[in-house]
Amino acid sequence: MSRRTMVVSLAAVALACAPGCVTLFSKVDVVRTEEARRPVKFENAEAGASFAATLKKCDGNLGGAYVGVPFVTLYSRQKTLSDSARFNDAVARCDTDQDGTITEAEAKIFAGSAD
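Report follows, based on the coordinates. Please read these numbers as outputs of a predicted model, since none were measured by experiment. (Residues numbered from 1 in each chain as written. Predicted model: local features only at pLDDT ≥ 70, side-chain atom pairs only at ≥ 80, totals over all residues. Heavy atoms only, no water.)

Notes on the packing of aromatic side chains
Phase 1: Counted under the stated rule, the structure contains four aromatic pairs.
Phase 2: Between Phe 51 and Phe 110, the aromatic rings sit 5.6 Å apart at their centres with planes inclined by 25°, giving stacked as the arrangement. Of this pair, Phe 51 sits in helix H2 (residues 45–57) while Phe 110 sits in helix H4 (residues 104–114), placing them 59 residues apart in sequence.
Phase 3: Assessed through its relative accessible area of 2%, Phe 51 is described here as buried.
Phase 4: Among the aromatic side chains, those forming a connected cluster through ring pairs are Phe 42, Phe 51, Phe 87 and Phe 110. (Phe/Tyr/Trp six-rings, centres within 6.5 Å; stacked < 30°, edge-to-face > 60°. Helix = DSSP H or I, 4+ residues; strand = E, 2+ residues; numbered from the N terminus. Buried < 20%, exposed > 50% of the residue type's maximum accessible area, 1.4 Å probe, protein only.)

If you want it as structure tokens, here you go:
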């Protein structure tokens, strides 16, 4: 076997065994980008910290489409919320009485519902 054939064979084996995948098309659409953050107040620092920690767990992914075979992604498209939209949705879910103030009890309920 010639040196060139050996190098090509070794490269083919290494490529076949290498982890990862080849992606042909991938796109992430961010929706509601023009949305401004809703004004909100917190009852105390603990309520704000609890809300912020729970907000970090919320990913804002709205879904998408994926077509592929093992190790080759032919088409991948995802929709995700902008940071402001994700914040506004979290405030709407957390502030149950819609008075613009998040209490410590509301923040705890919100943290329990996000798990």
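Structure shown, so let's carry the discussion forward.
What about the nonpolar core?
Phase 1: One finds Ala 47, Phe 51, Leu 55, Cys 58, Phe 87, Ala 90, Val 91, Cys 94, Ile 102, Ala 107 and Phe 110 forming the largest nonpolar core, which totals 11 residues.
Phase 2: Of all the secondary-structure elements, those providing two or more residues to this core are H2, helix H3 (83–94) and H4.
Phase 3: Looking at this core, the element that brings in the most residues is H3, giving four residues. (Core = buried A, V, L, I, M, F, W, Y, C linked by side-chain atoms within 4.5 Å.)

Side note on the environment of Ala 52
Phase 1: The topology assignment puts Ala 52 in helix H2.
Phase 2: Judged by relative accessible area, Ala 52 falls into the partly exposed class, the value being 37%.
Phase 3: With 55 residues separating them in the primary sequence, Ala 52 and Ala 107 have C-alpha atoms 9.3 Å apart.

Examining the pairing of strand E4 (residues 61–69)
Phase 1: Relative to strand E5 (residues 72–81), E4 runs antiparallel, the two sharing eight bridges. Across the sheet, the residue bridging to Val 69 is Val 72, located in E5.
Phase 2: Where E4 folds back on E5, the antiparallel hairpin that results is connected by two residues, among which Phe 71 adopts a positive phi of roughly 75°. (Pairing = 2+ DSSP bridges.)

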